[in-house]
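# Geometric and topological summary
The residues making up each chain are set out below.
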Amino acid sequence: MSLEQLIYNCKKNDTKAQSELYTLFSGKLFSICLKYSKNYAEAEDNLQDAFITIFKKMEQYKNKGSFEGWLKRITINTALQRYRSKGVFEIVNEEAIEDVTVDVEDDDNDVSLDFLLEIIQGLPDRYRLVFNLYVMDGYSHSDIAELLKINLGTSKSNLARARQILKNKILEYKTGLQSQSL
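Computed from a predicted structure; not experimentally measured.

About the cut-offs
- Residues numbered from 1 in each chain as written.
- Predicted model: local features only at pLDDT ≥ 70, side-chain atom pairs only at ≥ 80, totals over all residues.
- Heavy atoms only, no water.
- Helix = DSSP H or I, 4+ residues; strand = E, 2+ residues; numbered from the N terminus.
- Buried < 20%, exposed > 50% of the residue type's maximum accessible area, 1.4 Å probe, protein only.
- Contact = heavy atoms within 4.5 Å.
- Salt bridge = Lys/Arg side-chain N within 4 Å of Asp/Glu carboxyl O.
- Polar contact = N/O pair within 3.5 Å; in protein donor to acceptor, adjacent residues only side chain to side chain.
- Expected span 1.5 Å × (residues − 1).
- Phe/Tyr/Trp six-rings, centres within 6.5 Å; stacked < 30°, edge-to-face > 60°.
- Axes fitted to C-alpha atoms, helices over the stretch in contact; angles between N-to-C directions.
- Parallel < 35°, antiparallel > 145°, perpendicular 65-115°, else oblique.
- Left-handed = near helix turned anticlockwise from the far one by under 90°.
- Nonpolar A, V, L, I, M, F, W, Y, C, P; charged D, E, K, R; others polar.

The number of helices and strands found in the protein is eight helices and zero strands. Going from the N terminus to the C terminus, the protein shows its helices and strands as α-α-α-α-α-α-α-α. Each of the 182 residues in the protein was classed as buried or not, and the buried ones make up 42%. Contacts in the protein between residues far apart in sequence, at least 24 positions, make up 71% of those at least 6 positions apart.

In the structure shown here, the tally under the stated rule is six salt bridges. Put simply, Glu68 and Lys28 hold a salt bridge, and the shortest N to O gap is 3.4 Å. With Glu68 in helix H4 (residues 67–84) and Lys28 in helix H2 (residues 15–36), this pair connects stretches of sequence that are 40 residues apart. The salt bridge partner of Lys72 is Asp137, with a shortest N-O separation of 3.3 Å. With Lys72 in helix H4 and Asp137 in the loop between helix H6 (125–136) and helix H7 (141–148), this pair connects stretches of sequence that are 65 residues apart.

Next up on the list: the side chain of Arg128. With respect to the helices and strands, the residue Arg128 is situated in helix H6. The class for Arg128 is buried, based on a relative accessible area of 0%. Within the structure, Arg128 has its side chain in polar contact with the backbone oxygen of Tyr36 (distance 3.4 Å). For Arg128, the side chain forms a polar contact with the main-chain oxygen of Leu123, separated by 3.2 Å.

What follows concerns helix H3 (residues 40–56). Spanning 17 residues, H3 covers 24 Å between terminal C-alpha atoms, matching the ideal 24 Å at 1.5 Å per step. Looking at the buried side of H3, the elements it contacts are helix H1 (3–11), H2, H4 and H6. Capping the start of H3 is the job of one residue whose side-chain oxygen sits 3.2 Å from the backbone nitrogen of Ala41: Asn39.

On to the packing of aromatic side chains, then. Counted by the stated rule, this structure contains eight aromatic pairs. Centre to centre, the rings of Tyr61 and Phe67 are 4.9 Å apart; their planes meet at 70°, and the pair counts as edge-to-face. With respect to burial, Tyr61 and Phe67 carry one shared label: buried. Pairing Phe67 with Trp70 gives two aromatic rings, centres 5.8 Å apart and planes at 25°, and the pair type is stacked. Here Trp70 and Phe67 lie together in helix H4, a separation of three residues that amounts to about one turn. A relative accessible area of 4% means that Phe67 is categorised as buried. Among the aromatic side chains, those forming a connected cluster through ring pairs are Phe25, Tyr61, Phe67 and Trp70.

Let us look at the packing of H4 against H6. When two helices pack together, you describe them by how their axes are tilted relative to each other and by the distance separating the axes. At a closest axis distance of 11 Å, the pairing of H4 and H6 adopts a crossing angle of 160°. Between H4 and H6, the crossing angle belongs to the class labelled roughly antiparallel. In this structure, H4 meets H6 at a crossing whose hand is left-handed. On H6, the residues touching Ile76, Leu80 and Tyr83 of H4 are Asp125, Arg128, Leu129 and Leu133. Split by residue class, the contact of H4 with H6 holds five nonpolar, no polar and two charged.

In C-alpha cells, the structure reads:
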C-alpha cells in the first residue's frame, strides 16, 4: 500500500492502516522520543502519546510537505508538552548571556554512541531539551524559546550549560579510560 493510501485510510480510522503506519514509523519516532526523554520507559510513554495525537490529528495533514516531518514535529511537541507544565526552566536575563561554544577534542573517538545517549538523557530536563532541539534537530534559539515558552537568553544559557556538563562527563570518561589502560 502506498503512503498516500495509508494516510487516507488512517484518516478514515482504519485500524489496520493505523497499525501499519505505527510499524512503519515507530522506530524513527522512538529514537526522537529517546533524545527528549529521561529514560527508556518515558520514551515509550512519549511515543504512545505521540501516536495518539497523530491519529487524532490525521485529518489536519493536507498532503503538503513531508509527512515524516509532520510526524516528527508532533512527536517532539508531545515530548516537550510533558515539560512545559512542570516549569523546569529557569528564567535568565538575556543581556547576561553570551553565545558560548564548548569544544570537545575528537582525537580518538573512544566515546560510544550509547554512552553519549546516556549522558544526554542524564542532563537536567531544561538542558536536555534545549540541547536536543538546538544541536540534534537544528532549531534556532528563537524557535526553541517559542516552543518551550522561555526567553531567548534562557535558551542560550541552557545550551551553554548542557554543553559544559557534557564536556565534563566526556572528559571524566576519557580520563577513566586512560587510567584503566595504565
